[in-house]
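Residue strings, one per chain:
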Amino acid sequence: MLKKRDFSDCFSLYEQMTHPDVFPFVRHKVDSYEEYVFITKQTIEAEEAGELISRTILDEWENPIGCISLYDIENGAGFLGTWLGKSYHGKGYNAIAKDAFFKELFFELGLETVFMRIRKKNIRSIKAAEKLPYAVNANDTRKSLYDQINHEGDIFDLFEIPKDLYTFHILRQHDDDEQQLLEA
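What you see is a predicted model, and the numbers here were worked out from it, not measured in a lab.

A.B. asks: How should the overall build of the chain be read in this particular structure?
C.D. replies: A count of helical and extended segments in the chain gives six helices and seven strands. Going residue by residue from the N terminus, the α and β elements of the chain occur as β-α-α-β-β-β-α-β-α-β-α-β-α. In summary, the chain has a C-alpha radius of gyration of 17 Å against a globular reference of 16 Å for 184 residues, a match within 12%. Across its three principal directions, the C-alpha atoms of the chain cover 55 × 40 × 30 Å. Sorting the 184 residues of the chain into buried and exposed places 42% on the buried side. Taking all contacts inside the chain whose residues are at least 6 apart in sequence as the whole, residues at least 24 apart take part in 60%. Carbon and sulfur atoms form 51% of the exposed surface of the chain, whose accessible area is close to 10,500 Å². When the 22 positive and 33 negative side-chain charges of the chain are each reduced to one mean point, those points stand 5 Å apart.

A.B. asks: Can you walk me through the nonpolar core in this structure?
C.D. replies: One broad trend across soluble globular proteins is that nonpolar side chains are buried collectively. Phe-102, Leu-105, Val-114, Met-116 and Ile-161 are the most contacted members of the largest nonpolar core, which totals 27 residues. Of all the secondary structure elements, the ones that give two or more residues to this core are strand E2 (53–58), strand E3 (64–74), strand E4 (77–84), helix H3 (93–108), strand E5 (113–119), helix H4 (123–131), strand E7 (156–162) and helix H6 (163–183). In terms of residue count, H3 provides more of this core than any other element does, six residues in total. A domain-level breakdown of this core finds at least three residues from each of domain 1 (1–66 + 80–107) and domain 2 (112–183). Contacts of Leu-105, omitting those with residues within four sequence positions, involve Ile-53, Leu-70, Gly-110, Leu-111 and Val-114. Counting eleven residues, the second-largest nonpolar core is a separate cluster that includes Leu-13, Met-17, Ile-39 and Trp-83.

A.B. asks: Got a minute to help me understand the packing of helix H1 (residues 10–17) against helix H2 (residues 33–48) in this structure?
C.D. replies: To characterise two packed helices, one gives the angle between the axes of the helices and the distance between these axes. In the contact formed by H1 and H2, the axes pass within 10 Å of each other and the chain directions differ by 115°. Between H1 and H2, the interaxial angle falls into the category roughly perpendicular. In the packing of H1 onto H2, the handedness of the crossing is right-handed. Across the interface between the two elements, Cys-10, Phe-11, Leu-13, Tyr-14 and Met-17 of H1 pack against Tyr-33, Tyr-36, Val-37 and Thr-40 of H2. Taken together, the residues of the contact of H1 with H2 break down into eight nonpolar, one polar and no charged.

A.B. asks: Looking at this structure, how should I read the state of the cysteines?
C.D. replies: Between two cysteines, a covalent bond joining their sulfur atoms is known as a disulfide. A full pass over the atoms with the stated rule returns zero disulfides. Free of any disulfide, Cys-10 has its nearest neighbouring cysteine sulfur in Cys-67, separated by 8.7 Å. For Cys-10, a relative accessible area of 1% translates into the label buried.

A.B. asks: Explain the sheet that holds strand E6 (residues 136–137) here, please?
C.D. replies: The strands that make up a sheet are held in pairs by hydrogen bonds between backbone atoms, and each pair lies either parallel or antiparallel. Overall, mixed pairing links the seven strands, which are arranged E1-E2-E3-E4-E5-E7-E6 in an open sheet. Two strands bound the open sheet, and with one partner strand each, they are strand E1 (2–4) and E6. As judged from the four bridges shared by E4 and E5, these two strands associate in the parallel manner. Following the sheet pairing, Gly-78 is matched in E5 by Val-114. Most of the contacts of H2 go to E2, to which it runs at about 125°, and overall it touches E1, E2, E3 and E4.

A.B. asks: So what exactly am I meant to see when it comes to the environment of Arg-124 here?
C.D. replies: With respect to the helices and strands, Arg-124 occurs in helix H4. What makes Arg-124 exposed here is its relative accessible area of 51%. Linking Arg-124 and His-89, residues 35 residues apart in sequence, is a C-alpha distance of 9.8 Å. Contacts of Arg-124, omitting those with residues within four sequence positions, involve His-89 and Gly-90.

A.B. asks: Help me understand H3 in this model?
C.D. replies: Taking 1.5 Å per residue as the helical rise, H3 with its 16 residues ought to reach 22 Å, and the 21 Å between its terminal C-alpha atoms agrees with that figure. Those residues of H3 not exposed but buried are Tyr-93, Ala-97, Lys-98, Phe-101, Phe-102, Glu-104, Leu-105 and Phe-106. Gly-110 sits one or two positions beyond H3 and adopts a positive phi of about 75°.

Reading the values: the criteria
- Residues numbered from 1 in each chain as written.
- Predicted model: local features only at pLDDT ≥ 70, side-chain atom pairs only at ≥ 80, totals over all residues.
- Heavy atoms only, no water.
- Helix = DSSP H or I, 4+ residues; strand = E, 2+ residues; numbered from the N terminus.
- Rg over C-alpha atoms; globule rule 2.2 N^0.38 Å.
- Buried < 20%, exposed > 50% of the residue type's maximum accessible area, 1.4 Å probe, protein only.
- Contact = heavy atoms within 4.5 Å.
- Areas by Shrake-Rupley, 256 points an atom, 1.4 Å probe, with all protein chains shown as cover.
- Lys, Arg positive; Asp, Glu negative; His and termini not counted.
- Charge placed at Lys NZ, Arg CZ, Asp CG, Glu CD.
- Core = buried A, V, L, I, M, F, W, Y, C linked by side-chain atoms within 4.5 Å.
- Domains from an automatic or database assignment.
- Axes fitted to C-alpha atoms, helices over the stretch in contact; angles between N-to-C directions.
- Parallel < 35°, antiparallel > 145°, perpendicular 65-115°, else oblique.
- Left-handed = near helix turned anticlockwise from the far one by under 90°.
- Nonpolar A, V, L, I, M, F, W, Y, C, P; charged D, E, K, R; others polar.
- Disulfide = S-S within 2.5 Å.
- Pairing = 2+ DSSP bridges.
- Expected span 1.5 Å × (residues − 1).

Written as structure tokens, this is what we have:
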């Protein structure tokens, strides 16, 4: 489902990223394939330096369909960025990718908090964030961070995913699975 970024996926990802329904919501906008390859190189180098964590999202046939990354890592926290190719919207890939990524971040890499900065006009992403049982709207609880990401105007909503809330969700999910097995 996820793999470290590499150059073999660049052409497919670039083609998907430039779709008009995807491009406005991509963090690193590029004007050419060559520029996308260069940004991918910078992303790989930044991960090696511990500045970010980035993965390619794969479908069930291991085709690259999008990217999920944690940017601006500082004090055990960072900002999530994710995008999927248009033809993969609404098919459940985003939730599966987030789950795998959060498990890696929290349980393998030891991070404590993931923030999501979502444009208020990106209704699809806001609704997806609100459906996550482990994400909380942090516009008021992290007011200084909210003000910082909105220094140019009221553009973003802020969501927070704390490790303990995500862990509780995983444990509750595990208990529900065991209960279903007992009932079967």
